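These are the residues of each chain, in order.
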Amino acid sequence: MSNGFMARAIELSLENVRSGKGGPFATVIVKHGKIIAEGSNEVTSVNDPTAHGEIVAIREACRRLRTFQLSDCEIYTTCEPCPMCLGAIYWTRCARVYFANTIEDAAKIGFSDAFIYDEIRRPVTRRQLPMIPLMREEAQQAFRAWQEKRDRIPY
């Protein structure tokens, strides 16, 4: 663990706020003691609701390392990850995550994800956003093709 890496993430988050580029969130990804990627929240500047600091940094790290897994990496993020970023972080299979602010801290300044956590726990049929099953049998073709594919890359 290095306070220097978190200090860099915090510096990026402050720069992001001051520049008007996005929210007060930033992430640094480290491999073997070296920063390999940085990302700041770009949601409002690029009109992409998925452009959270963690996602931006993960995309850059994967591009630079030419891999879809970051198993030897550590993630330093200025806030406990939201549900989307937490899911993405788990998919990276990174070694560990360090965070500064908590989800409660984020909620106090208007960034609450409580409704998403509530929705995830609900059965699909009881979610606020209508989720309607459609053409499952037809879609199963792709799943079967994947199962039968001998040269697939597991992930």
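Before reading further, recall that the structure is shown in the block above.
Quick caveat, the model's predicted, so the values are computed rather than measured.

As for the layout of surface pockets
- Size it by volume and the largest pocket reaches roughly 470 Å³.
- Contributing to the lining of the largest pocket are 30 residues, with Phe 25, His 52, Cys 82, Phe 111 and Asp 113 lying nearest its centre.
- Empty space within the second largest pocket amounts to approximately 230 Å³.
- Around the second largest pocket, the lining residues are Phe 115, Ile 116, Asp 118, Glu 119, Ile 120, Arg 122, Arg 127, Gln 128, Leu 129 and Met 131.
- Here the lining of the second largest pocket is built from residues that sort into 5 nonpolar, 1 polar and 4 charged.

Looking at the pattern of salt bridges
- Within this structure, the stated rule accounts for 11 salt bridges.
- Between Lys 21 and Glu 42 there is a salt bridge, with the nearest N and O atoms lying 3.5 Å from each other. Taken together, the positions of Lys 21 in the loop between α1 (3–19) and β1 (26–31) and Glu 42 in the loop between β2 (34–40) and α2 (43–46) put the pair 21 residues apart, joining distant regions of the chain.
- The exposure class assigned to Glu 42 is buried, which follows from its relative accessible area of 19%.
- Across the pair Arg 122 and Glu 119 runs a salt bridge, and its minimum N-O distance is 2.2 Å.
- The class of Arg 122 is partly exposed, set by a relative accessible area of 30%.
- Among the residues examined, Glu 119 registers a relative accessible area of 13% and is labelled buried.
- Through salt bridges with shared partners, one network takes in Arg 8, Glu 11, Glu 15 and Glu 38.

Quick notes on the rules
- Residues numbered from 1 in each chain as written.
- Predicted model: local features only at pLDDT ≥ 70, side-chain atom pairs only at ≥ 80, totals over all residues.
- Heavy atoms only, no water.
- 1 Å grid on protein atoms, 1.4 Å probe; cavity = no way out; pocket = protein on both sides within 12 Å on 5 of 7 lines; lining within 4 Å.
- Points joined across faces, edges and corners; volume = space filled by probe spheres on them.
- Nonpolar A, V, L, I, M, F, W, Y, C, P; charged D, E, K, R; others polar.
- Salt bridge = Lys/Arg side-chain N within 4 Å of Asp/Glu carboxyl O.
- Helix = DSSP H or I, 4+ residues; strand = E, 2+ residues; numbered from the N terminus.
- Buried < 20%, exposed > 50% of the residue type's maximum accessible area, 1.4 Å probe, protein only.

Shape is all these values report; function is a separate question.
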